[in-house]
Each structure stands twice: as C-alpha cells, then as structure tokens.
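# Coordinate analysis (summary)
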Amino acid sequence: MSEADNPFAAFGPAEAVKVGKIQRITGTLLHRSWSTIPHVTHHDEADITDFETRRQAWNAAHPDAKVTPLAALVKASVSALKALPIFNSSLSEDGATLYRKAYHHIGIAVDTPNGLLVPVIRDCDVKDQATIAAEIAAVAGKARERGLGMAEMSGGCFSITSLGHIGGTGFTPIINAPEVAILGVTKLVERPVRGPDGAVVWRKMLPLSLSYDHRVVNGADAARFTRHIAEFMAGAAAGG
C-alpha cells in the first residue's frame, strides 16, 4: 500500500489492516440500529447473593449439568418478557405496525476472533437453566470455531450481552434490530448494605444495563423490566 493510500503514514509507522467480513457486516448492522432507533439505557442492579449460593450448590451436586448466571438471566428475561409483553415485539420499518410475539427466543452475544455474533437460543420458556447453559456453550463454541449460519442468528425476541468475565460497571448496548431491547450485564461486585438488624452485610450485586427503543418502550416499563429481572434472580432456583 502506498503512502497516498495510508493517510497516517506521514506521521509515523502505521499498518493498514483489512477489516474482516464478519466485522464489516456486524458494523453495518450496528450502525443501522444506532442511527434508526432512538436508544435509551436504563441502569439497575440485581442482588444475586442467595442465587449464587444455590447455583454453586447445584453445580457441586450436578457436575455434568452445571448452570451459569447467564442461563439464569435467560430465564429471568423470559419471565420479564411474559410480564411485560411490549418488550417481546418488533416495530415495522414505517412505524405503523407492532408485531407481538408469542414465542421466546433469546439471542446471546458472543465475542469471537472475527467479530461479534449473536446466536439465538430457541424456546427458552420450555427449557431449564441446565439445558440453556449447555446450548449457550455449544453455540458459543461453534461461533468461535466455525461460524454460524444466518438461520442460527435469526428470529430472536430479545438479546443479552455480557461483559462480566472482563469487567465494567455499566454500558449502553446497541439494540439488535428488529428487537426492541437488549440487556447488558457487567462484572459482579460485592457491596456493603444495611442488614435487617442494622448491621452491615456484604451482598453480591450484578449490574444491569437495559437499552430500549423509545418508540415502543417507555422509561417506566424499562424500570419495571429490570426490577422484574432483579426480583426473579433473587428468588430463582438454580437448575430449573
């Protein structure tokens, strides 16, 4: 590549690297979603202290059917979609028609060496956490190793993207159109809170960041949605 083709070469060494196909496609879709959907992000947190105790006990007793916090979040999201069905919808391009869905397919964002992919776990309302956890692991491995077909990344109702294995305290995930909302989660943190007797106790808190299409969803329902997820996680039984 000549210096004329590299606008930064005049200032110092600069390598030009072609953007991969998957990253180009993902970038185009994300740009379209961001530029056409009025995004608002609502932040909340879920106390998962008791759930984590139950989950660890489950995994110790069921080493061949371990569950993950992400699998529980899928079930929590399904419960929230049922309680607030406006989130389980898609808006037509002209904004005149709202399509309400009766199925519950959840997309899981997967970070791969070639870019971001979102495989869809289908019929999550009739699957338990252990089954969902196994399916997430399978499709994530397939995404990283061989790639996924478009059929495996289509038909989602709602998506979850997790940065919990890396860090962060919150972010604004971009909606995976034609869905109307996406849940982002970051790293679990331990925080001191006042206990029932006034003593300080340490609780495990999971940050939640819900981006939603403000043409379809209002702020009050967004707050109700994250509260529903938090309450579900607080009382969720691991494995079920």
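Here's what I pulled together on the structure shown here. (Residues numbered from 1 in each chain as written. Predicted model: local features only at pLDDT ≥ 70, side-chain atom pairs only at ≥ 80, totals over all residues. Heavy atoms only, no water.)

### Description of the layout of surface pockets
In plain terms, the rule: Throughout, the protein atoms alone are placed on a 1 Å grid, and a set of points is a cavity if a 1.4 Å probe fits but cannot get out or a pocket if it is open with protein on both sides within 12 Å along at least five of seven lines; lining residues have an atom within 4 Å of a point. Grid points are joined across faces, edges and corners, and a volume is the space filled by probe spheres set on the points. For helices the rule is a DSSP run of H or I covering at least 4 residues; for strands it is a run of E covering at least 2, with both sets numbered from the N terminus onward. By the convention adopted, Pro, Cys, Tyr, Trp, Phe, Met, Ile, Leu, Val and Ala count as nonpolar, Lys, Arg, Asp and Glu as charged, and the other residues, Gly among them, as polar.
The volume enclosed by the largest pocket comes to roughly 1,200 Å³. Forming the walls of the largest pocket are 41 residues, and the residues nearest its centre are Leu29, Ser33, Asn176, Ala177 and Pro178. Of all the elements in the fold, those that place two or more residues in the lining of the largest pocket are α1 (21–36), β2 (89–91), β6 (115–117) and β8 (158–162). Looking at the lining of the largest pocket element by element, the count peaks at eight residues for α1. Class assignment of the residues belonging to the lining of the largest pocket gives a composition of 22 nonpolar, 13 polar and six charged. Considering only enclosed or pocket space, the second largest pocket measures out at about 680 Å³ in volume. The wall of the second largest pocket is formed by 30 residues, among which Leu70, Ser162, Leu163, Gly164 and His165 lie closest to the centre.

### Thoughts on the packing of aromatic side chains
What counts, and what does not: Aromatic pairing here means that ring centres of Phe, Tyr or Trp (its six-membered ring) are within 6.5 Å. Orientation follows from the plane angle: under 30 degrees is stacked, over 60 is edge-to-face, and everything else is tilted. Burial here depends on accessible area, computed with a 1.4 Å probe over protein chains only, as a share of the maximum for the residue type. Under 20% is buried, over 50% is exposed, and the range in between is partly exposed.
Inspection of every chain in the model, using the stated rule, returns two aromatic pairs. A centroid spacing of 4.2 Å and a plane angle of 35° characterise the contact between Phe87 and Phe225, whose relative ring orientation is tilted. Residue Phe87 is found in the loop between α3 (69–83) and β2, and its partner Phe225 is found in helix α5 (residues 219–235); the two are separated by 138 residues along the sequence. A single burial state applies to Phe87 and to Phe225, both of which are buried. Ring geometry for Phe158 and Phe225: centres 5.3 Å apart, planes at 45°, overall tilted. With Phe158 in strand β8 and Phe225 in helix α5, this residue pair connects regions lying 67 residues apart in the sequence. An aromatic cluster of at least three residues, connected via ring pairs, comprises Phe87, Phe158 and Phe225.

### Focus: the packing of α3 against α5
Put simply, the rule is: Think of each axis as a best-fit line through the C-alpha atoms, taken over the contacting stretch in the case of a helix, with angles from 0 to 180 degrees between the N-to-C directions. If an angle is under 35 degrees, it is roughly parallel; if it is over 145, roughly antiparallel; if it lies from 65 to 115, roughly perpendicular; otherwise it is oblique. Crossing handedness: left-handed means the near helix sits turned counterclockwise from the far one by under a right angle, and right-handed means the same turn made clockwise. Contacts are assigned to residue pairs that have any heavy atoms within 4.5 Å of one another.
Where α3 meets α5, the closest approach of the two axes is 9 Å, and the angle between their N-to-C directions is 130°. The orientation of α3 with respect to α5, classified from their angle, is oblique. The two elements α3 and α5 cross, and the hand of that crossing is right-handed. The residues of α5 that touch α3, namely those facing Pro69, Ala72, Leu73, Lys75, Ala76, Ser77, Ser79, Ala80, Leu81 and Ala83, are Phe225, His228, Ile229, Phe232 and Met233. Split into classes, the residues belonging to the contact of α3 with α5 amount to eleven nonpolar, three polar and one charged.

### Considerations on the pattern of salt bridges
What counts, and what does not: For this analysis, a salt bridge means a side-chain nitrogen from Lys or Arg found within 4 Å of a carboxyl oxygen belonging to Asp or Glu.
Tallied over the full model, the rule gives nine salt bridges. Lys127 is the salt-bridge partner of Glu135, the closest N and O atoms lying 3.0 Å from each other. Glu135 sits in the partly exposed class, given a relative accessible area of 24%. Among the salt bridges present, the one from Lys142 reaches Glu152, with a minimum N-O distance of 2.8 Å. Of the two residues, Lys142 is situated in helix α4 (residues 129–145) and Glu152 in the loop between α4 and β8; the sequence distance between them amounts to ten residues.

### Overview of the nonpolar core
Generally speaking, nonpolar side chains in soluble globular proteins are found buried as a group. Filter applied, for reference: Joining through side-chain atoms within 4.5 Å is the link that ties buried Ala, Val, Leu, Ile, Met, Phe, Trp, Tyr and Cys residues into a set, and such a set is a nonpolar core.
Among the nonpolar cores identified, the biggest contains 45 residues, and Phe87, Ile106, Phe158, Ile160, Leu183, Phe225 and Ile229 are the most heavily contacted of them. Top contributing element to this core by residue count: α3, with nine residues. When residues no more than four places from it in sequence are discounted, the contact partners of Phe225 are Ser77, Ala80, Leu81, Leu84, Phe87, Phe158 and Leu210. Residues Val110, Ala140, Ala143 and Leu148 belong to the second largest nonpolar core, which totals five residues.

### So, the side chain of Thr186
Looking at the element boundaries, Thr186 is found in the loop between β9 (181–185) and β10 (189–194). Residue contacts for Thr186: discarding those within four places in its chain leaves Leu163, Gly164, Gly167, Gly168, Thr169, Gly170, Phe171, Leu206 and Pro207.

### Here's the deal with helix α2 (residues 49–61)
Rules: One less than the residue count of a helix, multiplied by 1.5 Å, gives the span that helix is expected to have. For this quantity, the arc is that covered by the directions from the helix axis to the C-beta atoms.
Spanning 13 residues, α2 covers 19 Å between terminal C-alpha atoms, matching the ideal 18 Å at 1.5 Å per step. Within α2, the full set of buried residues consists of Thr49, Phe51, Glu52, Arg55 and Asn59. For α2, the arc enclosing every buried residue in end-on projection is 150°, short of the 170-degree limit, so these residues lie on one face. Across α2 from its buried face, at more than 90 degrees, point the exposed residues Thr53, Ala60 and Ala61. Lining the buried residues of α2 we find β1 (39–47), α3, α4, β11 (200–213) and α5.

Taken by themselves, the reported measurements are silent on function.
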